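# Structural description and commentary
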Amino acid sequence: MAEPQRAQSVPFRGAGFKPSPRRGMGLAVFVVLIGLAEWGTRAGWISALTLPKPTDVVQTFVDLYQSGLLWKHILPSLGRLGVGAALGATLGIGVGLLIGLFSYIRAGLVPLVAAIFPIPKIALLPLFVIWFGIDEGSKYALIAFGTFTPTVVATYGAVDNVDRTLIRMGQSFGLSWVSIVRKIVLPGAMPGILSGLRISLAIAIILLVAAEMLGAEYGIGAYILEAGSLYDLERLFAGVVILSILGVIVSFLIGLIERRVLRWRI
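Below you will find a few notes about this structure. (Residues numbered from 1 in each chain as written. Predicted model: local features only at pLDDT ≥ 70, side-chain atom pairs only at ≥ 80, totals over all residues. Heavy atoms only, no water.)

## Comments concerning a nonpolar patch on the surface
A surface patch of nonpolar side chains, amounting to about 720 Å² of accessible area, comprises Val29, Val32, Leu33, Leu36, Trp39 and Trp45. Among the secondary structure elements, Leu36 is positioned in helix H1 (residues 25–43). (Patch = residues over 30% accessible without salt bridge, like charges linked within 9 Å, V, L, I, M, F, W, Y side chains within 5 Å. Areas by Shrake-Rupley, 256 points an atom, 1.4 Å probe, with all protein chains shown as cover. Salt bridge = Lys/Arg side-chain N within 4 Å of Asp/Glu carboxyl O. Helix = DSSP H or I, 4+ residues; strand = E, 2+ residues; numbered from the N terminus.)

Below you can see the structure in the form of structure tokens.
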């Protein structure tokens, strides 16, 4: 008679797809791509009118830093991005929660959000200039509005995706509506809200550049516009690299928030 098999514990693997960190891989990809670009431009395989040498772009960064223009362009952009994105994300999360939690608000606002969400926000820049002037007000408004709509959609979608079994369980234990929202709905919706925030902030960076190309003396967008009008590829790519670094920093900060807020997840 065959012996019964002993039960073996199976380690949790994140539903079979638990990513394990591979330190240095991202940096290695960047190093390889930059090395290929440097080799191609020096060997003549890549035209200087198509792609500048990475070493020339680095030298442009050095010149910007030494002249003091680097911070003159970055600091105004960070201020505009911070104010506009904070306004848009805060209002977006608030309205998204109201839509997700209250039926009457959902019935009234979802059609409105669906109507304004597909509108290219850059197309509204002339309208915002008319409303708020060509100074900082129009730039804040464009970034805030562009951040607001995707945040609303992501937030009420995340609330809708909260497991209803958990809500019924909370009700069966006699939890109040406020306790259910605070202890079940908000923690359950937080991963979706933060994922939507990543997209919203990326859109905010795009709109920042568009807003600064109109009526801004300093800013990353104004710097890129000036470099493009002069066909200065080194300065143009330096501005693009600044935007890329800004996007990486924003993604890193969202990742820190996720690790802190979502520590309850296995």
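## Quick look at the nonpolar core
Within the largest apolar cluster, 32 residues are counted, with the highest numbers of intra-cluster contacts made by Leu81, Leu142, Leu197, Leu201, Ile205 and Leu243. Of all the secondary-structure elements, those providing two or more residues to this core are helix H2 (54–67), helix H3 (69–101), helix H5 (125–132), helix H6 (136–160), helix H8 (177–212), helix H9 (220–229) and helix H10 (233–261). Take this core: its biggest share by element is 9 residues, from H8. Among all residues touching Ile205, those that are not within four sequence positions of it are Leu81, Leu243, Leu246, Gly247 and Val250. (Core = buried A, V, L, I, M, F, W, Y, C linked by side-chain atoms within 4.5 Å. Buried < 20%, exposed > 50% of the residue type's maximum accessible area, 1.4 Å probe, protein only. Contact = heavy atoms within 4.5 Å.)

## A short note on the side chain of Thr60
Summarising the element assignment, Thr60 is placed in helix H2. Thr60 sits in the buried class, given a relative accessible area of 12%. Polar contacts involving the side chain of Thr60 include one to the main-chain carbonyl oxygen of Asp56, which spans 2.9 Å. The residues contacting Thr60, other than those within four sequence positions of it, are Tyr223, Glu234, Arg235 and Ala238. (Polar contact = N/O pair within 3.5 Å; in protein donor to acceptor, adjacent residues only side chain to side chain.)

## Regarding the side chain of Ser179
Mapped onto the fold, Ser179 is located in helix H8. A relative accessible area of 15% means that Ser179 is categorised as buried. Of note is the side chain of Ser179, whose polar atom sits 3.0 Å from the side chain of Ser176.

## Re unusual backbone geometry
Leaving glycine aside, a negative phi is the common case for residues, and trans is the common case for peptide bonds. Positive phi is not limited to glycine here, since Tyr231 has a value of about 55°. Relative to the helices and strands, Tyr231 resides in the loop between H9 and H10.

## Digging into the environment of Ile224
Relative to the helices and strands, Ile224 is located in helix H9. For Ile224, a relative accessible area of 9% puts it in the buried group. Separated by 15 residues in the primary sequence, Ile224 and Gly239 have C-alpha atoms spaced 5.6 Å apart. Sequence-distant contacts of Ile224, that is, excluding residues within four places in its chain, are made with Met213, Leu236, Gly239, Val240 and Leu243.

## Details of the packing of H2 against H3
Closest axis-to-axis distance for the H2/H3 pair is 5 Å, and the angle between their directions is 85°. Between H2 and H3, the angle falls in the class roughly perpendicular. In this structure, H2 uses Leu64, Tyr65 and Ser67 to contact H3, whose residues at the interface are Leu69, Leu70 and Trp71. Residues that form the contact of H2 with H3 fall into these classes: 5 nonpolar, 1 polar and no charged. (Axes fitted to C-alpha atoms, helices over the stretch in contact; angles between N-to-C directions. Parallel < 35°, antiparallel > 145°, perpendicular 65-115°, else oblique. Nonpolar A, V, L, I, M, F, W, Y, C, P; charged D, E, K, R; others polar.)

## Regarding the pattern of salt bridges
Taken as a whole and assessed by the stated rule, the structure comprises 6 salt bridges. A salt bridge links Arg42 to Glu38; the nearest nitrogen and oxygen atoms lie 2.5 Å apart. A residue pair is termed a helical-turn pair when its members lie 3 or 4 positions apart in one helix, as Arg42 and Glu38 do in helix H1 at 4 residues. Exposure remark for Arg42: the relative accessible area of 54% places this residue in the exposed category. Glu38 gets classed as buried once you look at its relative accessible area, which sits at 13%.

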